[in-house]
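Close look at the chain arrangement
Okay, here's what each chain looks like letter by letter:
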Amino acid sequence: MTDKPFSSVMLLLFAFAALLIAPESLAHGVDDSTRNFLQNNRGVQIAPFMYIGAKHMITGYDHLLFLVGVLFFLQRPKDVLLYVTMFTIGHSVTLLSGVLANIQMNAYLIDAIIGFSVVYKGFDNLGGFKKLFGKQPNPKLAVLIFGLFHGFGLATKIQEFALPDEGLAFNLLAFNVGVELGQFLALMAILILINFWRQFPSFNRMATTTNTALMSAGFMLIGLQLTGYYLA
């Protein structure tokens, strides 16, 4: 495959990921079978909650777009591990504490902030902060903070189903483990794709276009969620 067609394919893949937004997914929607299971669940169900957590992360377009932005310029394995750890700590803390402590958040506003995290990371990758302000905010701290909001996004969805207290802590832990497994699979796919693309000259040439597309997807997510908030 020549470089030019390959870069076109890569852009199409990223654009496709950005546009995977169905009406029912505006606030982390779930399919009917998952919805029925969560609404009728009783007791500890480790395997089903792990599966639901993994599925949710793999199909979570907003989480994936943010991870694409985070990983886009990372090359050293230790940097990848560090940033992923920061994100994992952030969303694990707020997922568990949000549900167990019954911290109520508006799902549309939280998802709008998650959309903003995609805009932020694309803008950061473009060097926007250094160009405008002469200084870049701490990228590791930013990933941790946005990880907290991504976790609240997961928590708001779980809270919608008013899960019974019986076995709740174990089920949440299983769900969180599933989220991490799904995140691992998604990360492997993203890293393979980006590292393969990095071998071609088009990677650096199209970096600006790709991160601008990320920002555009983030703005679209913000608009959709704020529209849902005002119409709800």
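Shown above is the structure to which this text applies.
These remarks concern the structure in this document. (Residues numbered from 1 in each chain as written. Predicted model: local features only at pLDDT ≥ 70, side-chain atom pairs only at ≥ 80, totals over all residues. Heavy atoms only, no water.)

1. Description of helix H3 (residues 46-58)
Here is the rule: Secondary structure elements are taken from DSSP: a helix is a run of H or I of four residues or more, a strand is a run of E of two residues or more, and numbering for both begins at the N terminus. The span one expects for a helix is its residue count, reduced by one, times 1.5 Å. Partly exposed residues are those whose accessible area sits between 20% and 50% of the maximum for their type, while under 20% is buried and over 50% is exposed, using a 1.4 Å probe and protein chains only.
Between the first and last C-alpha of H3 there are 19 Å, a value that for 13 residues agrees with the 18 Å anticipated at 1.5 Å per step. Three or more residues of H3 are buried, namely Phe49, Ile52, Gly53, Ala54, His56 and Met57.

2. So, the environment of leucine 74
The residue leucine 74 is located in the loop between helix H4 (61-71) and helix H5 (77-100) in this model. Using a relative accessible area of 13% as the deciding quantity, one classes leucine 74 as buried. Taking the C-alpha atoms as reference, leucine 74 lies 9.5 Å from asparagine 195; in sequence the two are 121 residues apart.

3. Remarks on the packing of helix H6 (residues 107-125) against helix H8 (residues 139-159)
Spelled out, the test is: All axes are obtained by fitting lines to C-alpha atoms, using only the stretch in contact for helices, and the reported angles, taken between N-to-C directions, cover 0 to 180 degrees. Between 65 and 115 degrees an angle is taken as roughly perpendicular, under 35 as roughly parallel, over 145 as roughly antiparallel, and anywhere else as oblique. In this scheme, a crossing is called left-handed if the near helix is turned counterclockwise away from the far one by less than a right angle; it is called right-handed if the turn is clockwise. Pairs of residues are marked as contacts when any of their non-hydrogen atoms sit within 4.5 Å. Charged residues are taken to be Asp, Glu, Lys and Arg, nonpolar residues to be Ala, Val, Leu, Ile, Met, Phe, Trp, Tyr, Cys and Pro, and polar residues to be all remaining types, Gly included.
One way to put it is that H6 packs onto H8 with a least axis distance of 9 Å and a crossing angle of 155°. Here H6 lies roughly antiparallel to H8, going by the angle between them. In this structure, H6 meets H8 at a crossing whose hand is left-handed. Seen from H6, the contacting residues are Ala107, Ile110, Asp111, Ile113, Ile114, Phe116, Ser117, Tyr120, Lys121 and Asp124; seen from H8, they are Pro139, Ala142, Phe146, Phe149, His150, Phe152, Gly153 and Thr156. Grouping the amino acids of the contact of H6 with H8 by side-chain chemistry returns 11 nonpolar, 4 polar and 3 charged.

4. Describing unusual backbone geometry
Of note, the phi angle at asparagine 102 is positive, near 55°, even though the residue is not glycine. For asparagine 102, the location among the structural elements is in the loop between H5 and H6. Of the residues examined, asparagine 102 reaches a relative accessible area of 49% and is grouped as partly exposed.

5. Considering the nonpolar core
To keep things clear, this is the line we draw: In plain words, nonpolar cores are sets of buried Ala, Val, Leu, Ile, Met, Phe, Trp, Tyr and Cys residues tied together by side-chain atoms within 4.5 Å.
By size, the foremost hydrophobic cluster in this structure holds 32 residues, and its most contacted members are Phe66, Leu71 and Val143. Residue assignment for this core shows that the elements contributing at least two residues are H4, H5, H6, H8, helix H9 (168-197) and helix H10 (202-231). If one sorts the elements of this core by residue count, H4 sits on top with 7 residues. In contact with phenylalanine 66, other than residues within four places in its own chain, are Phe87, Ser117, Val118, Lys121, Val143, Phe146 and His150. Counting residues in hydrophobic clusters, the runner-up holds 16 residues, among them Leu38, Phe49, Met57 and Leu168.

6. As for H4
Most of H4 is tucked away: 10 of the 11 residues are buried. All of the buried residues in H4 are Tyr61, Asp62, His63, Leu65, Phe66, Leu67, Val68, Gly69, Val70 and Leu71.

7. Some points on the packing of H5 against H8
For the pair H5 and H8, interaxial distance at closest approach is 6 Å and the crossing angle is 35°. When the axes of H5 and H8 are compared, the crossing they make is right-handed. Considered class by class, the residues forming the contact of H5 with H8 number 16 nonpolar, 8 polar and 1 charged.

8. Observations concerning the packing of aromatic side chains
Short version of the rule: Planes of paired rings set the category: under 30 degrees apart is stacked, over 60 is edge-to-face and the rest tilted, where pairs are Phe, Tyr or Trp rings (Trp by its six-membered ring) whose centres lie within 6.5 Å.
In total, this model carries 15 aromatic pairs according to the counting rule given. With centroids separated by 5.2 Å and ring planes inclined at 75°, the aromatic side chains of tyrosine 229 and tyrosine 230 adopt a geometry described as edge-to-face. Through a chain of ring-to-ring contacts, three or more aromatic side chains come together here, namely Phe66, Phe87, Phe116, Tyr120, Phe123, Phe129, Phe133 and Phe146.

9. Regarding the pattern of salt bridges
Using the following cut-off: Counted as salt bridges are all cases of a side-chain nitrogen of Lys or Arg within 4 Å of a carboxyl oxygen of Asp or Glu.
Tallied over the entire structure, the rule returns 3 salt bridges. Residue lysine 121 is joined to aspartate 124 by a salt bridge in which the shortest nitrogen-to-oxygen separation is 3.0 Å. Highlighted residues: lysine 121 and aspartate 124, both in helix H6, separated by 3 residues, approximately one helical turn. For lysine 121, a relative accessible area of 7% puts it in the buried group. We classify aspartate 124 as buried; its relative accessible area is 7%.

10. As for the environment of leucine 109
In this structure, leucine 109 sits in helix H6. Between the C-alpha atom of leucine 109 and that of glycine 228, which follows or precedes it by 119 residues, the distance is 9.2 Å.

11. Structural notes on the environment of glycine 147
With respect to the helices and strands, the residue glycine 147 is situated in helix H8. Of the residues examined, glycine 147 reaches a relative accessible area of 0% and is grouped as buried. Ignoring sequence-local partners within four residues, the contact set of glycine 147 consists of Phe87, Gly90, His91 and Thr94.

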